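So the chains spell out like this:
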Amino acid sequence: MPMFWTSMKTRLASAFSFSGDGSVFKRVLLTGFGFLIIFIIFLGFYWSSEPAPFSVQQKTSQRLALIGNDYVVGSTTTVALITVAESLLNKPGGYLSNDISPPGIYLDNIPSWEFGALVQVRDLSRTFRESFSRSQSQSTEDPDLIISEPKFHFSNDSWLFPATESEYAKAIDRLDSYLARISDPANTDAQFYARADNLADWLLAVESRLGSLSQRLSASVRQSRVNTDTSGETVVTQSAQSMPVRSEVSVKTPWLQIDDIFYEARGATWALMHFLQAVEVDFKDVLQDKNAEASLSQIIRELEASQRSIFFPIILNGSGFGIFANHSLAMANYISRANAAIIDLRRLLSQG
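The following refers to the structure shown. (Residues numbered from 1 in each chain as written. Predicted model: local features only at pLDDT ≥ 70, side-chain atom pairs only at ≥ 80, totals over all residues. Heavy atoms only, no water.)

### Some details on the nonpolar core
Condition: Among buried residues, the Ala, Val, Leu, Ile, Met, Phe, Trp, Tyr and Cys ones that are joined through side-chain atoms within 4.5 Å form a nonpolar core. Here's how the labels work: a residue is buried when its accessible area is under 20% of the maximum for its type, exposed when over 50%, partly exposed in between, all with a 1.4 Å probe on protein chains only. Counting from the N terminus, the helices are DSSP H or I runs at least four residues long and the strands are E runs at least two residues long. Here, two residues are considered to be in contact whenever any of their heavy atoms come within 4.5 Å of each other.
With 74 residues, the main nonpolar core has Trp202, Phe275 and Leu276 as its most contacted residues. The biggest single contributor to this core is helix H10 (residues 258-282), with 14 residues. Leaving out residues up to four positions away in the same chain, Trp202 has contacts with Asp123, Leu124, Thr127, Phe132, Leu272, Phe275, Leu276 and Val279.

Pasting the structure below:
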């Protein structure tokens, strides 16, 4: 046995020896491999940076100038949707959720961010197709939005045949076409209806998304919650559901998923912040009529606060009242306050 280990040491020393004819090649090979590893690590840090906020009004002016049209109601919201969708594809590193090579394959924070923003894009694109572009429920759907909306619902992690990026790019092209048509004075087929009921329909979906994110963020700390799934339902209704539920449940997000949920919330609030800034422009008359401008401004302010810089390299998961911070609970606080304000805003919009 000692002779075996002596022989192995000799072979390993010979393999990694820099003496002899192959020493230069080995040295260059190992040095190049080391530089490649360092490059991939630094590239991963660069790709992990989140897109910066943008001015929806400035982007609208630039986009309309390219097609030679003037502002019309709906232009800002359409441009905000287009720009957020383009940000998913054009940010540092491009779209990462379907990467199969380093450093994208091992990055998980930005793909989670992408998914959060993508969900908001999907919800708004559905509202465009079903509400914003139609005068009533029996109206014909817009031909561009018929195509763009399902394209955004394509699988978010398809690498090839087809690639996710190509499907989302086609959806953006259709939104560009829709923007050109609604802002063309000679085209009366494409419309954007900035009505209170249309806005309330979209806010209902937003309210549901934010409520879910708030609950998932709060679960970073183990909690015993009263099960409210059947709250308000009769005994007969509860007995008719598929499975019985417990009156109290214990929830705790797995440690490895805490940062993923946090960045998903960051992406969702980043996209939603820009969408609401656009709504503030296009639905200005409706908001003034309902005296709801202050409510919307407060929602935007809460979402802007959720985008503050994180001055720590990892997402901390303190106990809530312990010595360490809990970034998830801080994010849940901003989202819960924004969600409460959205509920109030929807109530204002529903009043005559």
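### What about the packing of helix H6 (residues 143-152) against helix H7 (residues 164-182)?
Worth spelling out the cut-off: Every axis corresponds to a line fitted to the C-alpha atoms, with the helix fit spanning only the stretch in contact, and the corresponding angles, defined between N-to-C directions, vary from 0 to 180 degrees. In this scheme, roughly parallel covers angles under 35 degrees and roughly antiparallel covers those over 145, while 65 to 115 is roughly perpendicular and the rest are oblique. Left-handed is the label given to a crossing in which the near helix is rotated counterclockwise from the far helix by less than a right angle, and right-handed is the label when the rotation is clockwise. Nonpolar residues are Ala, Val, Leu, Ile, Met, Phe, Trp, Tyr, Cys and Pro. Charged residues are Asp, Glu, Lys and Arg, and all others, Gly as well, are polar.
Close contact between H6 and H7 brings their axes to 8 Å; oriented N to C, the two are set at 155°. By the angle between their axes, H6 is roughly antiparallel relative to H7. Relative to H7, the crossing made by H6 is left-handed. Contact residues: H6 offers Pro143, Asp144, Leu145, Ile147, Ser148, Lys151 and Phe152, while H7 offers Glu167, Tyr168, Lys170, Ala171, Ile172, Arg174, Leu175, Ser177, Tyr178 and Arg181. Counted by class, the contact of H6 with H7 contains 9 nonpolar, 2 polar and 6 charged residues.

### Observations regarding the environment of Ile258
Relative to the assigned elements, Ile258 resides in helix H10. Between the C-alpha atom of Ile258 and that of Ser328, which follows or precedes it by 70 residues, the distance is 7.6 Å. Leave out the neighbours within four places in its chain, and Ile258 touches Ser220, Lys252, Thr253, Ile315, Asn317 and Ser328.

### Here's the deal with the packing of aromatic side chains
Note the threshold: Here the aromatic set is Phe, Tyr and Trp, taking the six-membered ring for Trp, and pairing holds for ring centres within 6.5 Å; pairs whose planes are under 30 degrees apart are stacked, those over 60 apart are edge-to-face, and all others are tilted.
Enumeration according to the criterion identifies 11 aromatic pairs in this entry. Between Phe128 and Tyr178, the aromatic rings sit 6.0 Å apart at their centres with planes inclined by 85°, giving edge-to-face as the arrangement. In this pair, Phe128 sits in helix H5 (residues 109-132) while Tyr178 sits in helix H7, placing the two residues 50 residues apart along the sequence. What makes Phe128 buried here is its relative accessible area of 1%.

### Some details on the environment of Lys290
Tracing the sequence through the fold places Lys290 in the loop between helix H11 (284-289) and helix H12 (293-305). With relative accessibility at 17%, the residue Lys290 sits in the buried group. Along the sequence, Lys290 and Leu348 sit 58 residues apart, while their C-alpha atoms lie 6.3 Å from each other.

### A look at H5
Stated precisely, the cut-off is as follows: One less than the residue count of a helix, multiplied by 1.5 Å, gives the span that helix is expected to have.
Helix length check: H5, at 24 residues, gives a terminal C-alpha distance of 33 Å against a target of 34 Å (1.5 Å per residue), a fit within 8%. Along H5, 20 of the 24 residues are buried, which leaves the element largely enclosed by surrounding structure.

### Focus on the side chain of Glu264
Within the secondary structure, Glu264 sits in helix H10. The buried category is assigned to Glu264, whose relative accessible area is 13%. The residues touching Glu264, leaving out its near neighbours within four places in the chain, are Ser112, Trp113, Phe115, Gly116, Leu213 and Arg216.

### Some details on the pattern of salt bridges
Here is the rule: Each salt bridge in this description consists of a side-chain nitrogen of Lys or Arg and a carboxyl oxygen of Asp or Glu lying within 4 Å of one another.
Tallied over the entire structure, the rule returns 19 salt bridges. For Arg266, the salt bridge goes to Glu50, with nearest N and O atoms at 3.3 Å. Separated by 216 residues along the polypeptide, Arg266 in helix H10 and Glu50 in the loop between helix H2 (23-47) and helix H3 (56-67) bring together distant segments of the chain. Judged by relative accessible area, Arg266 falls into the buried class, the value being 6%. By relative accessible area, which is 24% here, Glu50 ends up partly exposed. Put simply, Arg216 and Glu264 hold a salt bridge, and the shortest N to O gap is 3.0 Å. In this pair, Arg216 is assigned in helix H8 (residues 196-218) and Glu264 in helix H10, connecting sequence segments 48 residues apart. The exposure class assigned to Arg216 is partly exposed, which follows from its relative accessible area of 31%. Here the residues in one salt-bridge network are Asp123, Arg126, Arg129, Glu141, Glu149 and Arg209, joined through shared partners.

In short, the description is geometric, and any link to function would need to be established separately.
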